[in-house]
Amino acid sequence: MAVITAGIFLLSLACRVYGTGEQPDQGFFMVTNLPSAGRTNGIPYVYAINTDIAFRNGEIEISKDGLDRSAVKEGEIWADGLRWGCYIAISPPRMALPTRFGVYTGVFTPDSAGTPTLETGYTFVRPDSKFLDTDGVYTLTVYPTEFESTTLEGKNSIGVRRMGCTRYTWFKDGKKLKATSARLPITCTQDGGLYTVSRAGSSRRSRGWCVQILVIVAGCPRGEIYEIGMGSPSCTAVTTTCLNGGILRDESDDCICNPYFGTFNCRCVVPVRDGKTFTLGDTRNGEELLCKDLPGGSPKCRGMLFCYGDLYGCKCAPGWHGNRCDRPCSKGRWGSNCELACPGDELDCSRFFGPVANLC
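Residue positions are given per chain, counting from 1 as you read along its sequence in written order. Restriction of local features to residues with pLDDT of at least 70 applies here, the model being predicted, together with a cutoff of 80 or more for giving and counting side-chain atom pairs; totals for whole chains, interfaces and linings are based on all residues. Side-chain descriptors were evaluated using all non-hydrogen atoms of the structure, hydrogens and water having been removed beforehand.

Visitor: So what's going on with the confidence of the model for the protein? Residues and values would help.
Guide: Scored by pLDDT, the protein has a mean of 83; 82% of the residues are at 70 or more. Contacts of residues 1–10 to residues separated by more than four positions or lying in other chains number 22 contacts, the stretch itself having pLDDT below 50. Per-residue confidence from the predictor is given as pLDDT, running between 0 and 100. In what follows, a contact means two residues having at least one pair of non-hydrogen atoms within 4.5 Å. Under a pLDDT of 50 for its full length, residues 18–25 has, in the predicted model, 39 contacts with residues more than four places off or in other chains.

Visitor: Now, about the sheet that holds strand β4 (residues 45–50): what can you tell me, with residues and values included?
Guide: Picture the strands of a sheet paired through backbone hydrogen bonds; they go either parallel or antiparallel. Strand pairing follows a simple DSSP-based rule, namely that at least 2 bridges must link the two strands. In this text, helices come from DSSP runs of H or I with a minimum length of four residues, and strands from runs of E with a minimum of two, each type numbered from the N-terminal end. Reading across the sheet, the six strands line up as β6-β7-β4-β2-β25-β26 and stay open at both edges, with antiparallel pairing between neighbours. Among the strands making up the open sheet, the edge pair consists of β6 (72–79) and β26 (313–316). Mean inter-strand twist for the sheet, computed between neighbouring axes without regard to direction, equals 20°. Here strand β25 (residues 304–309) pairs with β26 via four bridges, running antiparallel. The residue of β26 that forms the bridge with F306 is K315. What counts as an axis is a line fitted to C-alpha atoms, over the stretch in contact for a helix, and the angles between N-to-C directions run from 0 to 180 degrees.

Visitor: Provide a residue-level description of the pattern of salt bridges, including the pertinent values.
Guide: Opposite charge on two side chains makes pairing possible when the charged atoms of those side chains draw close. By convention in these notes, a salt bridge is any Lys or Arg side-chain nitrogen within 4 Å of a carboxyl oxygen on Asp or Glu. Using the criterion set out here, one finds nine salt bridges in the structure. The partner of R161 in a salt bridge is D133, with the nearest N and O atoms 3.7 Å apart. Highlighted residues: R161 in the loop between β11 (151–159) and β12 (168–172) and D133 in the loop between β9 (119–127) and β10 (139–142), separated in sequence by 28 residues. Among the charged side chains, a network of salt bridges with common partners joins D133, D135, R161 and R327.

Visitor: Lay out the environment of G313 in plain terms, naming residues and giving numbers.
Guide: Mapping G313 onto the fold places it in strand β26. Measuring from C-alpha to C-alpha, the distance between G313 and Y122 comes to 8.9 Å, with 191 residues separating the pair along the chain.

Visitor: Go over the pairing of strand β7 (residues 82–90), please, and point to the residues and values.
Guide: As a general feature of sheets, a regular strand has side chains that alternate between the two faces. Note on classification: 1.4 Å probe, protein chains only; a residue is buried when its accessible area is under 20% of the maximum for its type, exposed when over 50%, partly exposed between these limits. Most of β7 sits out of view: nine of its nine residues are buried. Sheet topology places β4 next to β7; five bridges connect them, and they run antiparallel. In the strand pairing of β7, A48 is matched with C86. Here β6 runs beside β7; their pairing, made up of eight bridges, is antiparallel. Note that in β7 the partner of K73 across the bridge is A89. Connecting the antiparallel pair β6 and β7 is a turn made up of two residues, with D80 showing a positive phi of about 55°.

What follows is the structure, given as structure tokens:
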């Protein structure tokens, strides 16, 4: 998977986290509230959260290339007596433009001896512009047709909605490309990386009016995992089926589930609920982390972009789509980015949780 690294001029904020959640166990992840912010209004929040019971205690650090510390409010995320992570609020807009736009990274360093030294995450804050409308696409995951093939499954592209005769400037991993069109084809495995697109003209880009799209390339075809055994690397087919929009990890047969979902294959909303509780994590003792517990958060996770990394990338909270993750799913659609269709004969299909059978 592509790795995002920050530049040398770095705002870095850290907090401690203790005794975090149990299910859904997504480990360390990042969330943006208001991922597409206006020129003069809107206060984006960036959260870094740990729900991994194996590594409960440690330090979380959020960083952003070039962001002015005076434009940031920082704090810790508390719910039900537990500290789940930390956040930054980028305000007021006039102080943070254009440096508030771009990629935010997070690092979780566990305290436990013998554990991995760190886990990394990322999320985005973008300018809200009709010329840079990606229809809510922040990341794109593509799959090779077979092991070690450079050919990708299906037709893939990234970009923005074309506005008249507007010309665009593209960069990939900091290197300028020749493309000037609104959309860019992704045709082979070497096309993985971090892309930046802006309207033609260097002044716009220097003022922050550009958006980033991360293209994630899987190591193996869909339904297979990448393994390094005693011999050379290989791809192995697995029987795990990830349900309800879940994504198989690149190097294990575990599923990354959409928010609110758990169990090994993302079959059920976790924990068992009446379809009205938006749980991001809970423990055996009953402590919960809800969207409304996040500073600036809303009860139904409106406006929130969840970034779980690996092959999942970033998607809007279930029930929402669009650049701001604030547009409700249309009738008959549900899930993260409204990607899933309700069964044709399902009358009771929630845009957040899907068919009633998911409340198991």
